[in-house]
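Now for the letters of each chain:
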Amino acid sequence: MTDVLARMKKLSGHNYVDSAFQASKATTQIPIIDPATEQVIAEIPETPAAELDDAIAVANAAQKKWWAGSGVDRAHAMHEVADAIHKMRPILAESLTREMGKPYKESLDEVDWCVHSLRYSAEIGRNDMGRVMGPATAGQFHYTLKQPLGVAAMIMPFNYPMVLLAWEAGAALAAGNAVVVKPSEYTSITTLLFAEAFSALPKGLFQIVCGGANVGKHLIEHDHTHVVAFTGSVPVGKIVSRTCGELMKPCLIETSGNDPFLVMPSAPLDLTARAAAFSAYMNCGQICVSAERFYVHEAIHDAFVEKLVEETKKIRLGNGLDKVDMGPMVSMKERDRYEALMKNAYAQGAKPAIGGGRPSDFNRGWFVEPTVLVDCTPDMSLFHNESFGPVAPICRVSSYEEGMALANASKYGLGANIYTTDLKEGIRAAEDFEAGMVWVNAPLLDNDAGPFGGTKMSGVGRQLGPEGIETFRKTKMVMIDPSCEAQDFWWFPYADAESYPGK
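All values reported here derive from a predicted model rather than from experimental measurement. (Residues numbered from 1 in each chain as written. Predicted model: local features only at pLDDT ≥ 70, side-chain atom pairs only at ≥ 80, totals over all residues. Heavy atoms only, no water.)

*Asks:* Looking at this structure, how should I read the nonpolar core?
*Replies:* Generally speaking, nonpolar side chains in soluble globular proteins are found buried as a group. Of all hydrophobic cores here, the largest spans 96 residues; its most connected members are I85, M154, F206 and F472. Considering every element that reaches this core, the biggest residue donor is helix α6 (residues 163-174), with 10 residues. Setting aside residues no more than four positions away along its own chain, F206 makes contact with Y16, L165, A169, V179, V181, A195, F198 and L201. The next biggest cluster of nonpolar side chains, apart from the first, holds 53 residues, and it includes A277, Y281, M342 and A416. (Core = buried A, V, L, I, M, F, W, Y, C linked by side-chain atoms within 4.5 Å. Buried < 20%, exposed > 50% of the residue type's maximum accessible area, 1.4 Å probe, protein only. Helix = DSSP H or I, 4+ residues; strand = E, 2+ residues; numbered from the N terminus. Contact = heavy atoms within 4.5 Å.)

*Asks:* For this particular structure, what's the right way to read the pairing of strand β16 (residues 391-397)?
*Replies:* For a regular strand, the rule is simple: side chains alternate between the two faces of the sheet. Summarising burial for β16: six of the seven residues are buried, a large majority. Bridging between strand β13 (residues 291-297) and β16 involves four bridges; their strand directions are parallel. Bridge pairing links F294 to I394 in β16. Sheet analysis places strand β15 (residues 371-376) next to β16, joined by four bridges and oriented parallel. Bridge pairing in β16 places T371 opposite V391. (Pairing = 2+ DSSP bridges.)

*Asks:* Teacher, can you tell me more about a nonpolar patch on the surface here?
*Replies:* A grouping of V132, F141 and I480 is seen on the molecular surface, where their side chains present a nonpolar patch of about 260 Å² in accessible area. Assignment of secondary structure puts V132 in strand β5 (residues 132-133). Residue V132 is classed as exposed on the basis of its relative accessible area of 59%. (Patch = residues over 30% accessible without salt bridge, like charges linked within 9 Å, V, L, I, M, F, W, Y side chains within 5 Å. Areas by Shrake-Rupley, 256 points an atom, 1.4 Å probe, with all protein chains shown as cover. Salt bridge = Lys/Arg side-chain N within 4 Å of Asp/Glu carboxyl O.)

*Asks:* I keep staring at the sheet that holds strand β14 (residues 351-354) and nothing clicks. Help me out?
*Replies:* The strands that make up a sheet pair up through hydrogen bonds in the backbone, lying either parallel or antiparallel. One open sheet accounts for seven strands, arranged β14-β15-β16-β13-β12-β18-β19; its pairing is mixed. Two strands in the sheet have a free side with no partner beyond their single neighbour: β14 and β19 (437-440). For this sheet, the mean angle separating the axes of adjacent strands, direction not counted, is 25°. Relative to strand β18 (residues 415-419), strand β12 (residues 259-263) is paired through three bridges, and the arrangement is parallel. Note on β18: the bridge partner recorded for L262 is I418. Sitting on the sheet, helix α11 (residues 301-313) touches β12, β13, β14, β15 and β16, and the angle it makes with β16 is about 170°. (Axes fitted to C-alpha atoms, helices over the stretch in contact; angles between N-to-C directions.)

The structure is reproduced here in structure tokens:
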């Protein structure tokens, strides 16, 4: 047993409350299973309501102290958190790979992304605290204040449990809020380990409570949480949004994606095929902005398919702690869901040019093959539902216009890709795509300084950039008359000359 595995085991049954690991009194424990070996490596509690209430009370007290300090002090504390995360790189990466399955290299990348995202939030949070405007009345002082909402409840997914938490918690903390997190049941232990890096913050400001849907529901509905950030499926996202609407509670909702990937005749096919493979198979396709629908111009369709098949053959599949490019899916449940979707695609006429099943050289673990599907038509269910797995279905199109129309014929609108060296075509696509993010020859990139989020059923609100900070702030308008003078032009009694002339 490695040191990291021993640490993971030791955290079984615990939450992170009031800046300490506390054993829960939960009567139900949820097993954590390594998706590559199917071995139980830890357990997490189904945290009872009383413990959740305690954590929320602690968060509210901590938030008031946090906001009472200076912006400089908050930024310095967040930089200390980033420093601590960097020191924990190998620990966090190994834990994530064991718990979620992604290759160790991808886990290390995720830790690094957390570091620079937190540093960005630390600085942008004290960069803009409102604005001064020209007064509506001479001699007055009119300005806005940016203030925290209070306690942020965060319901996190399994696919990027650390970096998405760094995005959201970083913005919330920088804005002056406290944070209570419910991690995914699949990646709770890694999230608990991640919490160690937040010890530089005041006690109780950042807390982790484990469990399933009931824990998330309690956090969302609680009278003393003031903003909700949710990442997950569309059905659950609708419920969260509806609940927050009834409570008049602000929310950030990031649900699903079914991102298109257009390939035009001017695209360099060798490079484009590599980009397509990366976009479809990274993290075993378990990314909300994975390329999931490929629309390829008929002039280069066959050549592109051939090259993408060659790139797919190069993918090394296995345990993420080995020298591999792609690990297993996160759980048996997720693999069953994905395989049912693939079975339906075959029934509708799609054919695998490569892959399409489970790899024969694994007798345990939730592995599936990276797959290229051909003979696809745009009416297939695969083109209208998120696959969240390593598949690249390819549809032939006759023109840019047809490809764009099909790309936009979706209930989702998270990201969108096009490969082209025609500058006019690239700029046009940026305008034409119905999506929150567009990548022209640059798939799967984020920028801490730019907003991340979608349209349609892909969610509401934005993460990252100044927009991400605004998600966790409220704006207060202030108007001051420093001379404290009567406003005779405005107050009673009204001038007779301005009364209705008929009286």
